[in-house]
Amino acid sequence: MSPSRLLAVVLLAALWGPGALAAAPPSRRPRVDREAMREAMDAAATDEGAFSSSASYSHYLRSRLLHHAGDHRGSVDALRLALATDDGHPLLLTRLAEEYARLGDLDKAERELRRAVERAPAYYPAHVLLGRVLLESGRFTRARLHLRRAMSLKPREPEAYLVLAQLYLESGSPAEAVKVVESLARALPGEASGYRRLGLALAERGDTHRAERLLTEAASRDPGDVEVLGTLAKLYEETGRPARSEETLARALEHEPDSQEVLLAAGRSALKAGSVVRARAYFDRLLSLSGEPETAVRVAFSYLAEREHTAAVEVLESARAASVDEPRLAYYAGLVHERMRRFADAAEAFAGVPESADVFADARVRRARCLSLAGQHPRALSLLRAALQQAPSDLEIRAQYARALERGGAPARAESVLKEGLAQGASASLYDALAGTLQRQNRGAEALSLLREAVARAPRDQALLYVQGAAFERQGDVAGAQARMRAVLEVEPDHAAALNFLGYLLAQTGRDLDEAERLVLRALELRPDTGAFLDSLGWVYFRRGDYPRAVEALERASSLSPDEPVILEHLGDAYQRAARSADAAGAWRRALEVLSLDPESAEPPGQREALERKLKALSMGAAGR
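Here the residue numbering is sequential within each chain, running from 1 through the sequence in written order. Residues qualify for local features only when their pLDDT is at least 70, as the model is predicted, and side-chain atom pairs are given and counted only at 80 or more; totals for whole chains, interfaces and linings, by contrast, use all residues. Remark: hydrogens and water are excluded; side-chain values derive from all non-hydrogen atoms of the structure.

(A) Highlighting the confidence of the model for the protein. One confidence number per residue, pLDDT, is output by the predictor and ranges from 0 to 100. In this model, the protein carries a mean pLDDT of 88, and residues with pLDDT of at least 70 account for 91%. Note on residues 1-30: pLDDT is under 50 here. Beyond four places in sequence and across chains, it has 20 contacts. The contact definition used throughout considers only heavy atoms, calling two residues in contact when any of these lie within 4.5 Å. In the predicted structure, residues 39-47 sits below a pLDDT of 50 and forms 16 contacts with residues beyond four places in sequence or in another chain.

Pasting the structure below:
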């Protein structure tokens, strides 16, 4: 038998098991992973892939099949068999190390890679992988040595450069990471991967300036990279350049005209740039590609964010007309009207959700709340009683029922309903609801006494401590509120809401602004793109006197949480200090419009009167000039 025929027989036996040589119908043979076979044979064709025996080669091929099947433990066993007849083979040792690394055993991976570089000091893949393993182990200096060695061995191979750039980034040296990427660009003119990967990583870390420069270069080298263009567009939008963001997204659409995410982003950027016409073109194209209800609601909320209320309603009503049997559209229409504070319209939309829908329970509670806010108390209470009878342990329904009773003129009954719930089991949310009820009846001291007793029974309950801190703040006891928020953070250092609350309280006092900024930034790390947190950050900058940064943060907060009176008031304050009187008046008027629709959203309760005084003072100042 010829050597090649013998090798084929051995491979078949190794790959298909002991019974593979027996006659069998072709349909019963296991499927061969041709891509894995091709990869293994390509590796075997190189110098480092010259195997000493057909057995070693067959075990190697089997290891690759197992690797691609996700069986890394089995791949380890096959590679160890291959090494039994081909000890010290650098390719086998490197592949074995890779499998150990995938199994999380970095010590064994490092051991095999050190054997590989000792046997073959110029073997590029071993140095690169050893650099990766050492990087994962946090040994940056030794990792750097092996990656530099790999770069000297193959200066036109990108991988070592990219891993070294990652190393510098993770060790807190982004400037050095940029230098490595630029070295790759010199070694491989036209190569985009370094700029791309580092730019995306820096964008994710918030290093906007460096990210923009690198991604711009990546886009010039690879104009069709839609992910790079999309990230660039997001950077432009976040830094107040919506027109440039839209232009960049339009370039992305030239390459992927049916990308729904890009169409949505382009529509939003067009709105921010002031062009409803262009936005509608993007959104209409998006809606023609997707019949999913969620798409319609995302478009509707995009319009809402820029206060294009009529367009938002049109999108959802059109979607409902086209899909009359889709209950989620009625639910989403209710959400849009609710966000616009059109409570009667929202209640009507929620009423269109049938009992068979999976969102019915939530729609019923939302409908009841909207009816209550619209002054239709008997209908609201009837719905909430029915909901509570079906789910007596549901805390949210109980709290909503109590609030509706209070709105309907029965605060004593509301108090009783909440206490009945607490008798069934302590709950921070019910304590919060009860404290709020007492506070609105001018019984704040009683609310604090109630919460002190609750906290005394559970002194490390972070939710109760938070509720107590909020109650102190409502009573004007800022020191007490700060102390309780610090107590929350002692129990849970990464409690995002407490970090934000404490930061805002510190900003309000005008002291410890550096700590306030640190706290709020940490809250934003934990929960990015939270309008309330960005409002706090803007207020820190405002109290510091940095009005341009205050405006930037508060505009972002308002885009995320449009028509929130407290954010609009803060934004107006920042505009006024930044000598933008017309914008200040516009923000304050919008806040008053919201409060006219939803008086309960006032924060603090006298917010409406304060806004009216500010507008009057502003107009008198303008008249005086």
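(B) Focus on helix α15 (residues 260-272). Each helix corresponds to a stretch of at least 4 residues labelled H or I by DSSP, and each strand to a stretch of at least 2 residues labelled E; elements are numbered beginning at the N terminus. Any helix carries an expected span of 1.5 Å times its number of residues minus one. Given a rise of 1.5 Å per residue, 13 residues ought to cover 18 Å, and the 19 Å separating the end C-alpha atoms of α15 matches this to within 8%. When a residue's accessible area, from a 1.4 Å probe over protein chains only, is under 20% of the maximum for its type it is buried; when over 50% it is exposed; and in between it is partly exposed. Restricting attention to buried positions, one finds in α15 the residues V262, L263, L264, A266, G267, S269, A270 and L271. Contacts made by the buried residues of α15 are with α13 (226-238), α14 (242-255), α16 (276-289) and α17 (293-305). Following α15 by one or two positions, G274 adopts a phi angle in the positive range, close to 95°.

(C) Structural detail: the side chain of S269. In this fold, S269 is placed in helix α15. Pairs of N or O atoms within 3.5 Å make up the polar contacts considered here, provided that, within protein, one atom can donate a hydrogen while the other can accept it, and that residues adjacent in sequence are counted only when both atoms are side-chain atoms. Here E237 takes part through its side chain, which lies 3.4 Å from a polar atom of the side chain of S269. Contacts of S269, omitting those with residues within four sequence positions, involve E237, P242, S245, E246 and L249.

(D) A look at unusual backbone geometry. Omega for the peptide link from E603 to P604 comes to 5°, which places this bond in the cis form. Along the chain, P604 turns up in the loop between α34 (581-597) and α35 (607-624). You will see that R307, though not glycine, has its phi angle at about 60°, which is positive. Tracing the backbone through its elements, the reader meets R307 in the loop between α17 and α18 (309-322). Among the residues examined, R307 registers a relative accessible area of 25% and is labelled partly exposed. Residues other than glycine seldom take positive phi values, yet A579 does so here, at roughly 65°. Note that A579 resides in the loop between α33 (565-577) and α34.

(E) Representation of the packing of aromatic side chains within the structure. Stacked, edge-to-face and tilted labels apply to pairs of Phe, Tyr and Trp rings (six-membered ring for Trp) whose centres lie within 6.5 Å, assigned for plane angles under 30 degrees, over 60, and everything in between, in that order. This model, assessed by the stated rule, comprises six aromatic pairs. Taken together, a centroid distance of 4.4 Å and an interplanar angle of 5° make the contact between W539 and F542 stacked. Of the two residues, W539 and F542 are both situated in helix α31 (residues 531-544); the distance of three residues between them amounts to about one turn of the helix. By the burial criterion, W539 is buried, and F542 matches it. Pairwise contacts between aromatic rings join Y331, Y332 and F350 into one cluster.

(F) Quick look at the packing of helix α27 (residues 462-474) against helix α28 (residues 478-491). Direction vectors running N to C along α27 and α28 enclose 165°, while the axes themselves pass 7 Å from each other. Put simply, α27 runs roughly antiparallel to α28. The crossing of α27 and α28 is left-handed. From α27, Q462, L465, Y466, Q468, G469, A470, F472 and E473 reach across to α28, where they touch G480, A481, R484, M485, A487, V488 and V491. Along the lines of polarity and charge, the residues of the contact of α27 with α28 split into nine nonpolar, four polar and two charged. Only the contacting stretch of a helix is used when fitting its axis, a line to C-alpha atoms as for every element, and angles between N-to-C directions run 0 to 180 degrees. Oblique is the label for any angle not under 35 degrees, not over 145, and not in the 65 to 115 range, which are roughly parallel, roughly antiparallel and roughly perpendicular in turn. Note on convention: near helix rotated counterclockwise from far helix by under a right angle means a left-handed crossing. Clockwise means right-handed. Charged residues are taken to be Asp, Glu, Lys and Arg, nonpolar residues to be Ala, Val, Leu, Ile, Met, Phe, Trp, Tyr, Cys and Pro, and polar residues to be all remaining types, Gly included.

(G) Representation of empty space enclosed by the protein in the model. The method works on a 1 Å grid over the protein atoms by themselves. A cavity is a set of points holding a 1.4 Å probe that cannot get out, a pocket is an open set with protein on both sides within 12 Å along at least five of seven lines, and residues with an atom within 4 Å of a point line them. Grid points are joined across faces, edges and corners, and a volume is the space filled by probe spheres set on the points. Per the counting criterion, the structure on display carries one cavity of 30 Å³ or more. Within this model, the largest cavity holds a volume of roughly 30 Å³. Along the walls of the largest cavity sit L304, R339, M340, P562 and D563, which together make up its complete lining. Taken together, the residues of the lining of the largest cavity sort by class into three nonpolar, no polar and two charged.

(H) Geometry of the pattern of salt bridges. Every case where a carboxyl oxygen of Asp or Glu lies within 4 Å of a side-chain nitrogen of Lys or Arg is listed as a salt bridge. Here the structure, examined in full by the defined rule, presents 54 salt bridges. R544 serves as the salt-bridge partner of E517, at 2.9 Å between the closest nitrogen and oxygen. Note that E517 is positioned in helix α30 (residues 513-526) and R544 in helix α31, a separation of 27 residues in sequence. By relative accessible area, E517 is classed as buried at 15%. Close ionic contact of R580 with D583 constitutes a salt bridge, the shortest N to O distance being 2.9 Å. For R580, a relative accessible area of 33% corresponds to the partly exposed category. Linked through salt bridges whose partners overlap, the residues forming this network are D87, R111, E112, R115 and R119.

(I) Geometry of α16. Relative to the 20 Å expected for 14 residues at 1.5 Å per residue, α16 spans 20 Å between its end C-alpha atoms, a close match to the ideal helical length. Contacts made by the buried residues of α16 are with α14, α15 and α17.

(J) Just the packing of helix α5 (residues 90-102) against helix α7 (residues 124-136), in detail. Two elements in contact, α5 and α7, have axes whose closest approach is 9 Å; the angle formed by their N-to-C orientations is 20°. When the axes of α5 and α7 are compared, the pair comes out roughly parallel. Relative to α7, the crossing made by α5 is left-handed. Facing α5, whose interface residues are T94, A97 and E98, α7 presents P125, A126 and L129.

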